[in-house]
Amino acid sequence: RHNMLRAVFASSVIKPRVLEAGRLAKAGEKGSGGKGGAKPPPGTALRGSGGKKKGGEGEDGNMKLFIKTFEQPGPQKYTRDEAQMKKDMEIAKEYTRQSFIRHNALQKSIARKIRLRDIAISALPAELQKEGKSEDLEPFPAERSMWTDFPPIPGFQSSQSKEAQ
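Report follows, based on the coordinates. Just so it is clear, the model here is predicted, and its values are computed rather than measured.

Quick notes on the rules
- Residues numbered from 1 in each chain as written.
- Predicted model: local features only at pLDDT ≥ 70, side-chain atom pairs only at ≥ 80, totals over all residues.
- Heavy atoms only, no water.
- Helix = DSSP H or I, 4+ residues; strand = E, 2+ residues; numbered from the N terminus.
- Buried < 20%, exposed > 50% of the residue type's maximum accessible area, 1.4 Å probe, protein only.
- Contact = heavy atoms within 4.5 Å.
- Areas by Shrake-Rupley, 256 points an atom, 1.4 Å probe, with all protein chains shown as cover.
- Salt bridge = Lys/Arg side-chain N within 4 Å of Asp/Glu carboxyl O.
- Patch = residues over 30% accessible without salt bridge, like charges linked within 9 Å, V, L, I, M, F, W, Y side chains within 5 Å.
- Lys, Arg positive; Asp, Glu negative; His and termini not counted.
- Charge placed at Lys NZ, Arg CZ, Asp CG, Glu CD.

What the chain contains, in helices and strands, is six helices and two strands. The buried share of the chain, reckoned over its 165 residues, is 13%. Relative to all contacts within the chain whose residues are 6 or more apart in sequence, the contacts with residues 24 or more apart total 36%. Carbon and sulfur atoms provide 58% of the accessible area of the chain, an area that totals close to 15,100 Å².

Our focus in this paragraph is the pattern of salt bridges. Enumeration over the complete set of coordinates arrives at three salt bridges. The residue Arg-97 makes a salt bridge to Glu-94 at a minimum N-O spacing of 2.8 Å. On the criterion of helical spacing, the pair formed by Arg-97 and Glu-94 is a turn pair, its members being three residues apart in helix 4 (residues 82-123). Using a relative accessible area of 43% as the deciding quantity, one classes Arg-97 as partly exposed. Look at Glu-94 and you get partly exposed, because its relative accessible area is 35%.

On the surface, Leu-106, Ile-110 and Ile-114 cluster together into a nonpolar patch covering about 250 Å² of accessible area. On the basis of relative accessible area, Ile-110 is assigned to the partly exposed category, the value being 39%.

Once that is clear, we can look at a positive patch on the surface. Together, Lys-108, Arg-112, Lys-113 and Arg-115 line one region of the surface with positive charge. Along the polypeptide, Lys-108 turns up in helix 4.

This is the structure we're talking about:
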């Protein structure tokens, strides 16, 4: 999470003091000879400073407080008693059984249709069997009509109604 927050604020003009303190602390560690280095901004604590902050100690405490302010609260935990757990398990098992029954019925139906298709192709004359086994990749007609719940209104043309609006 810390790296993600650093990445978000890396391109931002606004830099939280916590992240600035961490950057300055790293610069101080890499600097020449150990104790020298950049001074942190006022009000920020570096690691090992001994001063306690509201969110904990040092940079880690500030980062924890910063993360805590922006985190969304999680969903409320749903607790169930033993009787409810058993009831829910039985419901889940029955759902799984019914799902398997539906799946097996669908697979059986598909297998039956494939078997009937193969029987129908084998009943064709030899010269038509080759065409019956090939895929039909011809596109549907462009002017085919779509079925609707109601018959079309006599004399209605949608292009004229769109122009009127």
